[in-house]
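# Analysis of the macromolecular model
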Amino acid sequence: MSYNDTVKDTLSRLEGSLSKHLDNIFLPLRTWTREVQISSCAGKPDETARGPPPASDESTHGEEAGRKIISISGLTKVFGPKPITAIKMLENGSSKKEVLEQTGMVVGLKNIALDVHEGEIFVVMGLSGSGKSTLLRCLNRLVEPTQGSIVINGTDIRDLDDKGLRKFRRTQMGMVFQNFGLLPHRTILDNVAYGLEVRGARAEERHARAQSMIELVGLKGYESAYPSALSGGMKQRVGLARALATDPAILLMDEAFSALDPLIRRSMQDELIDLHDKLQKTIVFVTHDLDEALRLGDRIAIMRDGEVVQVGTPEEILSNPSNEYVASFLNGIDRSKVMTCESLMKRPEVVISRKTGPRTALKMLDDSDQVIGFVVDRDRRFTGLVKAEGLLKALEAAKPLAAAVNTSVRTVKPDTKVEELIAILVETDYPIPVLNDDSILMGVIYPGSVMDKVRPDDVTASGEVAL
Ligand SMILES: Nc1ncnc2c1ncn2[C@@H]1O[C@H](COP(=O)(O)OP(=O)(O)OP(=O)(O)O)[C@@H](O)[C@H]1O
Ligand SMILES: [Mg+2]
């Protein structure tokens, strides 16, 4: 290396390490400055009146959602002796039906592309035969894909040999089946410990782990019972505990609650949501039940004839069905059970700082042609409502703004379901403030704007699912 090259090399290394040090100093400083700017704006009525942050959309959701734990691309599954012939037909534009009629082969999945984010409950739903179970089973290669790639936690599982696949299934995946799949001659404790036993864990260790999983799913006391002594809901809890015992990164659940009667099913859904909150596992949940999908899913993929026709959050799918097939699924759905206040909230018309005098507050209301204002402190935390008439009285009595503030106001959170909001709206006569967990005013719901959004669209006249 020449002298010049050596100098350049040294300089560029120095530059690199210097910029790292500068970043360490300036990044926190920049963040801090931004926070100061934001909080100093919060006290000024004009600034705070800018209202809520933009409604979340696909891109912001994606950012929040974190890393992709499962990434599927070009996934096709053909059941039959000559899958390549079927794939060629598909590539030339033949439908699943045409492939079946001309070759007798069944297209289970056709060119699926999907990502599942770490920690989410990802629901796969669709009519019977649409390919849900095939898709789920491809994820642990209980069904061998014909074409495409499935990358899970950085490994393309199609590249694994038998030994690698067995290890992968034991360590990365837990599966919960519709019919429980318990071993009848083993106690509940040994059923739950089964996966650990296969893994070669010592009896003491696996029993301790199984015991804590049994407690987690609320079955303490049933350790030495046999499956036949348990109800359907209890058996499914054992199924869950067994799947969780090996601490897998991903839980696969295929119609896990479909065999349960409605009330038990509902309570199992609640329990799954609780468990998910506690453990933050990634769950891929297959169901043909829309209510269940909407209740559980952070995101939902809707399948038809082996293809994914839409992926989105329940709200995205409800408010923007990608085609008539999806729309007809949604007909008759009570949107108020799915939509949240975040999608209905508007920018508050008048936001008044707590330190403002009643005369200025009155003028702010008057300028905006409003009779109600939202009072916040300097951190934009909501403190109450003022009405024009109350302000007038305070002014006449020479009292401060605080004398006119009504602090017993019903409020909601951005994720409060509209169903709950409606119950509040019928009991109140003012716009409802939407506050985050720190009581910061995020937006306001004006009663008139709610019903239009909640009423289902007339998408198909017949209301039938288009097949
Ligand atoms: N082992 C198999 N051999 C042949 N065809 C199969 C096989 N497994 C599934 N299929 C076909 O693949 C398609 C998708 O089936 P799959 O079981 O994935 O549907 P599903 O959406 O889970 O339905 P369901 O709600 O009834 O469980 C169907 O047409 C089915 O007949
Ligand atoms: Mg199925």
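Residues numbered from 1 in each chain as written. Chains lettered and ligands numbered in written order. Predicted model: local features only at pLDDT ≥ 70, side-chain atom pairs only at ≥ 80, totals over all residues.

Our next topic: the packing of helix 4 (residues 83-91) against helix 5 (residues 96-103). As a packed pair, helix 4 and helix 5 sit with axes 10 Å apart at the nearest point and diverge in direction by 140 degrees. Considered as vectors, helix 4 and helix 5 are oriented oblique to each other. For the pair helix 4 and helix 5, the sense of crossing is right-handed. Where helix 4 abuts helix 5, its residues T85, A86, M89 and L90 lie against E98, V99 and T103. When grouped by side-chain class, the residues that make up the contact of helix 4 with helix 5 number four nonpolar, two polar and one charged. (Axes fitted to C-alpha atoms, helices over the stretch in contact; angles between N-to-C directions. Helix = DSSP H or I, 4+ residues; strand = E, 2+ residues; numbered from the N terminus. Parallel < 35°, antiparallel > 145°, perpendicular 65-115°, else oblique. Left-handed = near helix turned anticlockwise from the far one by under 90°. Contact = placed C-beta atoms within 7 Å. Nonpolar A, V, L, I, M, F, W, Y, C, P; charged D, E, K, R; others polar.)

Right, let's get into the site of ligand 1. The local shell around ligand 1 consists of F79, V106, G108, G126, S128, G129, S130, G131, K132, S133, T134 and H288. Elements represented by at least two residues in the shell around ligand 1 include exactly strand 2 (106-117) and helix 6 (132-138). Here the shell around ligand 1 takes three residues from helix 6, the largest share from any one element. Tallied by class, residues from the shell around ligand 1 come to two nonpolar, nine polar and one charged. (Near = placed C-beta within 6 Å.)

Put simply, helix 10 (residues 203-216) and helix 11 (residues 232-245) touch, their axes get as near as 9 Å, and they point 135 degrees apart. The angle between helix 10 and helix 11 falls in the class oblique. Crossing hand, helix 10 versus helix 11: right-handed. Only A241, L244 and A245 of helix 11 make contact with helix 10, whose side of the interface consists of R209, A210, M213, I214 and L216. In the contact of helix 10 with helix 11, the residues fall into seven nonpolar, no polar and one charged.

Turning to the nonpolar core, a few remarks are in order. If you look at the biggest cluster of nonpolar residues, it comprises 101 residues, and the most contacted ones within it are V192, V284 and F374. Here this core gathers at least three residues from each of two domains, domain 1 (61-338) and domain 2 (342-453). When sequence neighbours within four positions are dropped, the list of residues in contact with F374 reads P348, V350, V351, I352, F382, L385, P433, L441 and V444. Counting residues in each nonpolar core, the second largest holds five residues, with V78, A86, L90 and V99 among its members. (Core = buried A, V, L, I, M, F, W, Y, C linked by C-beta atoms within 7 Å. Buried ≥ 20, exposed ≤ 12 C-beta atoms within 10 Å, placed from the backbone. Domains from an automatic or database assignment.)

The pairing of strand 1 (residues 68-79) with strand 2 spans eight bridges and is classified as antiparallel. Pairing of K77 across the sheet is with L109, part of strand 2. Both strand 1 and strand 4 (residues 147-152) contribute to a ladder of five bridges, which runs antiparallel. Its bridge partner lying in strand 4, I70 is registered against I152. (Pairing = 2+ DSSP bridges.)

The strand order across the open sheet formed by three strands is 11-12-13, and the pairing between neighbours is mixed. A strand with exactly one partner marks an edge of an open sheet, and here the two such strands are strand 11 (351-353) and strand 13 (382-387). In this sheet, adjacent strand axes meet at a mean angle of 35 degrees when their direction is disregarded. Direction of pairing for strand 11 relative to strand 12 (residues 372-376): parallel, over a ladder of three bridges. The residue of strand 12 that forms the bridge with V351 is F374. Across the sheet, helix 16 (residues 358-367) lies against strand 11, strand 12 and strand 13, angled at about 130 degrees from strand 12, the strand it touches most.

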